[in-house]
Amino acid sequence: MRPGQDLVIGGFIGLEGTIYATKHKKETLRRILPEDLLETAAGFWRYLEVDLETVAKKCCSGVTVWMVKEGGIFTALWNMAEEYRMGLTVYLRRIPIRQETVEVCEALGLNPYGLQSGGCVLLAADNGNDVLWEFEKAGICGAVIGKVTDSNDRIILNGDICSHLNRPEPDEIKKLEDMER
């Protein structure tokens, strides 16, 4: 990973956490959300069956691959930047997220960017569009979400709002587990 590289996501964030939430908070969600939305969200497991890490490593040489798992995309971005001692500039609105994930998170008071994201991979690549082309050929959704920088700053841009990425917090699923106790 080095300054100037594109940050690329393969897959959607929050899918694994969405599956968990629809399973464990089904009755609560049924009172708030349409049944067809919940059925779609419960079926996200099919996205988890794709080995994105292998696809990412095969698709282009010279990419740095980081699996997005517990703690979601914000934790993955932080940990990747820490590991390589680099900065990041990320455009929040470019991060691929399913509407079902947004709705489930909103209904339960969860932050989708801090939600378990198995089935999602983060990459640093010289040319993010080359990676996207390979992902498209493999039937994988992807997006260039930002750049690696030579500073230590981890910047999140959301329209006109500029903020710094915070240190990782526990996965949002912990909130659901705490509710169940």
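Before reading further, recall that the structure is shown in the block above.
Residues numbered from 1 in each chain as written. Predicted model: local features only at pLDDT ≥ 70, side-chain atom pairs only at ≥ 80, totals over all residues. Heavy atoms only, no water.

**Considerations on the layout of surface pockets**
Computed from the structure, the largest pocket encloses a volume of approximately 290 Å³. For the largest pocket, the lining is made up of 18 residues, of which F74, N111, L165, N166 and E169 are closest to its centre. Broken down by secondary-structure element, the contributors of at least two residues to the lining of the largest pocket are α6 (72–84), β6 (154–158) and β7 (161–164). Class assignment of the residues belonging to the lining of the largest pocket gives a composition of seven nonpolar, eight polar and three charged. (1 Å grid on protein atoms, 1.4 Å probe; cavity = no way out; pocket = protein on both sides within 12 Å on 5 of 7 lines; lining within 4 Å. Points joined across faces, edges and corners; volume = space filled by probe spheres on them. Helix = DSSP H or I, 4+ residues; strand = E, 2+ residues; numbered from the N terminus. Nonpolar A, V, L, I, M, F, W, Y, C, P; charged D, E, K, R; others polar.)

**Thoughts on the packing of helix α3 (residues 35–42) against helix α7 (residues 99–108)**
Following both chains from N to C, one finds α3 and α7 inclined at 110 degrees, their axes separated by 10 Å at the closest point. As far as their axial angle goes, α7 and α3 are roughly perpendicular. Note that α3 runs across α7; the crossing there is left-handed. On α7, the residues that touch L37, L38, T40 and A41 of α3 are E100, E103 and V104. Split into classes, the residues belonging to the contact of α3 with α7 amount to four nonpolar, one polar and two charged. (Axes fitted to C-alpha atoms, helices over the stretch in contact; angles between N-to-C directions. Parallel < 35°, antiparallel > 145°, perpendicular 65-115°, else oblique. Left-handed = near helix turned anticlockwise from the far one by under 90°. Contact = heavy atoms within 4.5 Å.)

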